[in-house]
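Here is what each chain is made of, one letter per residue.
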Amino acid sequence: PPPGANIPPPPGANIPPPPGSNIPPPPGANIPPPPPGANIPGSNIPPPPGANIPPPPGANIPPPPPPGAKIPPPPGANIPPPPGANIPPPPGANIPPPPGANIPPPPGARIPPPPGASIPPPPRGNVPPPPGSIPPPPGRSIPPPPGPGIPPPPGRGVPPPPGGIPRPPPPGGIPAAPGRPGMPPPPGRGPPPLPGRGPPPLPGRGLPRLPGRGLPGRGFGGPQPTKPKITMSKKVKPMHWNRIILPPKGTSSTPTIWDNIKEVDVVTKEEIEELFEARPTRNIGGGGGAAGSATAAPTKKKIFSGARTQNIAVVLAKMLPAKRFTDALKKLDDKGVSKESLVGLSKIWITPEEKMELDNELKNDPDAKWDKQEEYFIELVKVPQVKNRLAIWQFKLDVSEQLEFIYKLLNGIKAAFMVLKTSSLLKDLLSIVLTLGNYLNGGTAKGQADGFKIEMIGKLTVVRDSNNKNGIDFVAAKLKKMRGSTLPDVMKEEFDGLTRNTRLKLEDLENEVKAFLGAFNKTTNLVKSVAESLEGLDDPFESVIEPYMKEIEEKAKAVESDYNSLKEEYTRICDLFMIPKNDEKAKNTAELFALFTDFVEKVKKAIPPDEKKAAPAKRAGGRISGSQQSNMLAKLRQMRAPKQIVHTRE
């Protein structure tokens, strides 16, 4: 390079250009090529004459970037200069471009790269710096040697648009680099269609359907009808069947019933049109017949529609006719009425909005014809407070079942309490356990006990004797000795009230009682409400329900009293066996019952069997087996045989 090429730039030359400075420098403004031997893609292309002259020492060292400069190189900095750009620049070539040269092009301007732009730049030149590194200041990049366009690596080159859209000149009057003709777009990526014009149809779309489609028969290649087509002069009702088209004669070896069945002449076209003409019919859904038809049935009004109509129809199908049901509702007559039907009617009961619509229609057109679902509700809503009456009626049908279940629980728990409180066998069992424990604990701090915590009856299996028998076996043997051979039957009878009701919980009984009393109080309020609405009306409801509610009131008081008495009995039972209040057995009757039931069942199984009777007793009056009878007969024959022989000799 000529003298003065390494003169440092004037002050301010290292200031980074404003954002978007995408304009390449004018010809001859670049620094000389990189040093020889640099491993650059495409650098094996021989350089032009004079390109191998080595630069003076230090000429290729880029100046240090300004402190903190992290601005990446502007787009387009990798565009190589035109031929001849590698000539060393004249003195002062590093002076920054005039103001306005770095103004970015307007949005959308797609400038194609000049020839040779695909050659990858050499290192420390126009190579984009790695992420986070400090880029060199503008104007200091080293251009690559010229050469034929080596394709850029994947992802580094974007094909220019068709035709190479020219880039508008940037402000400041500096012309942009000359472009080259654009490459054609790849298949399927052409420009969008003009406004209002859709994409061309795909191949094969819009073609006529293949022959045979839609024809009667069994599809492609299937048998086709052979009988003449019948054209009716009137619209008739269809017959929904699945027709059969037989194959041509001689093509099927399987005979069918239809091979020899033909139409009969006693049925005529005129007769069919007369009998089965599709005349407009009555439409329960309110649709009516054909418009303007003189034979169309009058349209029935509806306020229900869709799935609600179907749900209502299902429920009403199980109900008494409307008038009979309203009479039964006033008298609370249970004949022909089930709890399920009342529950179903309550679920599909008319809403306030539907009731308002129905009232308005009845007011505007009192003589209108209604669909059967609406007609049913029109009859029901004439009765005051139907919804409340239905709730009262349901309670009436539920009472017997509720009380039966409550007393089944109550009596079962009471029977189990009675066994624990009065069983003499249970006392004998506890006496044997107490005696055994005091002997085993004799002479220790645990001996001389007057009783023991009741949990011990569930732990007797861990106590073993020298014969490896546990405490349950010992207790059962001693109880058998005290009570005799009838012990199993006595235990079964005496502990039956406990074992049958082991799983019953006082908590379940409490929930049932509360539910019953709550329903009774609610029904009492509903009865008062209905009675107030019937003042001055001839309605038998009040005269029927009042005596009934008084009867149920007495039963409700009895249920509440019996339950409270049973709770007190539970407390006494726990005190009897000295069970602490914080013990689970004092809170859950099932836990208490399970402890005693398990103990009793183990003792039953451990009862030793009765001893067998001695053999002489069987000979004296016992039953003789078959083998014994055979032996006795054989001995008798032997005893008689000599006498018969002597008699024969005589």
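Keep in mind that this is a model prediction, so the values were computed, not measured. (Residues numbered from 1 in each chain as written. Predicted model: local features only at pLDDT ≥ 70, side-chain atom pairs only at ≥ 80, totals over all residues. Heavy atoms only, no water.)

Caption draft 1: View of the overall build of the chain. The helix and strand inventory of the chain stands at 16 helices and zero strands. By the burial criterion, 28% of the 650 residues in the chain qualify as buried. Pairs at least 24 apart in sequence give 77% of the contacts found in the chain among residues at least 6 apart. (Helix = DSSP H or I, 4+ residues; strand = E, 2+ residues; numbered from the N terminus. Buried < 20%, exposed > 50% of the residue type's maximum accessible area, 1.4 Å probe, protein only. Contact = heavy atoms within 4.5 Å.)

Caption draft 2: Seen up close, the side chain of Asp 371. In this fold, Asp 371 is placed in the loop between α5 (352-364) and α6 (372-380). Using a relative accessible area of 2% as the deciding quantity, one classes Asp 371 as buried. Among the polar contacts made by the side chain of Asp 371, one reaches the side chain of Lys 302 at a distance of 2.7 Å. (Polar contact = N/O pair within 3.5 Å; in protein donor to acceptor, adjacent residues only side chain to side chain.)

Caption draft 3: Representation of the nonpolar core in the model. Ranked by size, the top nonpolar core spans 93 residues in total, and within it Phe 325 and Leu 509 carry the most contacts. No other element matches the 15 residues that helix α7 (residues 386-422) contributes to this core. Setting aside residues no more than four positions away along its own chain, Phe 325 makes contact with Met 319, Leu 320, Leu 342, Leu 345, Tyr 376, Leu 380, Leu 390 and Trp 393. (Core = buried A, V, L, I, M, F, W, Y, C linked by side-chain atoms within 4.5 Å.)

Caption draft 4: Summary view of the pattern of salt bridges. Going through the model one piece at a time under the given rule, you end up with 20 salt bridges. Taking the shortest distance from any N to any O, the salt bridge between Glu 379 and Lys 382 comes out at 3.5 Å. Of the residues examined, Lys 382 reaches a relative accessible area of 59% and is grouped as exposed. Between Asp 610 and Lys 480 there is a salt bridge; the shortest N-O distance is 2.8 Å. You can see Asp 610 sitting in the loop between α14 (589-606) and α15 (615-621) and its partner Lys 480 sitting in helix α9 (residues 471-483), a full 130 residues away along the chain. Judged by relative accessible area, which is 12%, Lys 480 ranks as buried. In the salt-bridge network here, residues are joined through shared partners; they are Lys 301, Glu 361 and Asp 365. (Salt bridge = Lys/Arg side-chain N within 4 Å of Asp/Glu carboxyl O.)

Caption draft 5: Up close: the packing of aromatic side chains. Tallied over the full model, the rule gives seven aromatic pairs. When the centroid spacing of 5.6 Å and the interplanar angle of 65° are considered together, the rings of Phe 304 and Phe 377 count as edge-to-face. Residue Phe 304 is found in the loop between α1 (269-275) and α2 (306-316), and its partner Phe 377 is found in helix α6; the two are separated by 73 residues along the sequence. Residue Phe 304 shares its accessibility class with Phe 377, and that shared class is buried. A centroid spacing of 5.7 Å and a plane angle of 65° characterise the contact between Phe 417 and Phe 593, whose relative ring orientation is edge-to-face. (Phe/Tyr/Trp six-rings, centres within 6.5 Å; stacked < 30°, edge-to-face > 60°.)

Caption draft 6: Layout of helix α8 (residues 424-440). In this model α8 runs 25 Å from its N-terminal to its C-terminal C-alpha over 17 residues, within 8% of the 24 Å that 1.5 Å per residue would give. Of all the positions in α8, only Leu 425, Leu 426, Asp 428, Leu 429, Leu 430, Ile 432, Val 433 and Leu 436 are classed as buried. Where α8 is buried, its residues contact α7, α9, α10 (487-494) and α14. The distance from a side-chain oxygen at the start of α8 to the backbone nitrogen of Leu 425 is 3.4 Å, and the residue carrying that oxygen is Ser 423. (Expected span 1.5 Å × (residues − 1).)

Caption draft 7: Representation of helix α3 (residues 322-331) within the structure. Three or more residues of α3 are buried, namely Ala 322, Phe 325, Thr 326, Ala 328 and Leu 329. All buried residues of α3 project into a common sector of 165° when viewed along the axis, lining one side. Opposite the buried face of α3, at more than 90 degrees from it, the exposed residues are Lys 323 and Arg 324. Here the buried face of α3 lies against α4 (339-347), α6, α7 and α13 (541-576). A positive backbone phi angle near 55° is found at Leu 332, which sits one or two residues after α3. (Arc of directions from axis to C-beta.)

Caption draft 8: Region of the structure containing the environment of Val 315. Residue placement: Val 315 occurs in helix α2. Residue Val 315 is classed as buried on the basis of its relative accessible area of 15%. The spatial distance from the C-alpha of Val 315 to the C-alpha of Ser 341 is 7.0 Å, given a sequence separation of 26 residues.

Caption draft 9: Representation of the environment of Ala 449. Considering the arrangement of structural elements, one finds Ala 449 in the loop between α8 and α9. We classify Ala 449 as partly exposed; its relative accessible area is 24%. Along the backbone, Ala 449 and Thr 435 are 14 residues apart, and their C-alpha atoms lie at a distance of 9.0 Å. If we skip the residues at most four places from it in the chain, Ala 449 touches Leu 434 and Asn 438.

Caption draft 10: Local environment of unusual backbone geometry. Positive phi, close to 60°, is recorded for Gln 448, a residue that is not glycine. Note on placement: Gln 448 falls in the loop between α8 and α9. At Asn 468, a residue that is not glycine, the phi angle is positive and equals roughly 65°. For Asn 468, the location among the structural elements is in the loop between α8 and α9. With a relative accessible area of 52%, Asn 468 lands in the exposed category.

Caption draft 11: Molecular detail of the confidence of the model for the chain. Taken as a whole, the chain shows an average pLDDT of 72; of its residues, 55% reach a score of 70 or greater. Across residues 185-190, where pLDDT falls below 50, the model places two contacts with residues more than four positions away in sequence or in other chains. Contacts from residues 283-295, a stretch scored under 50 in pLDDT, to residues over four places away or in other chains number 16 contacts. (pLDDT = per-residue confidence, 0-100.)

Caption draft 12: Region of the structure containing the packing of α4 against α7. Interhelical geometry of α4 versus α7 gives an angle of 155° and a closest axis separation of 10 Å. By the angle between their axes, α4 is roughly antiparallel relative to α7. For the crossing formed where α4 meets α7, the hand is left-handed. Note on element contacts: α7 touches α4 through Lys 387, Leu 390, Trp 393, Gln 394, Leu 397 and Asp 398, opposite Lys 339, Leu 342, Val 343, Leu 345 and Ser 346. Broken down by class, the residue content of the contact of α4 with α7 amounts to six nonpolar, two polar and three charged. (Axes fitted to C-alpha atoms, helices over the stretch in contact; angles between N-to-C directions. Parallel < 35°, antiparallel > 145°, perpendicular 65-115°, else oblique. Left-handed = near helix turned anticlockwise from the far one by under 90°. Nonpolar A, V, L, I, M, F, W, Y, C, P; charged D, E, K, R; others polar.)

Caption draft 13: Geometry of the environment of Thr 256. Along the chain, Thr 256 falls in the segment before α1. Since its relative accessible area comes to 34%, Thr 256 is described here as partly exposed. Thr 256 sits 10 residues away from Leu 246 along the chain, and the two C-alpha atoms are 9.1 Å apart.

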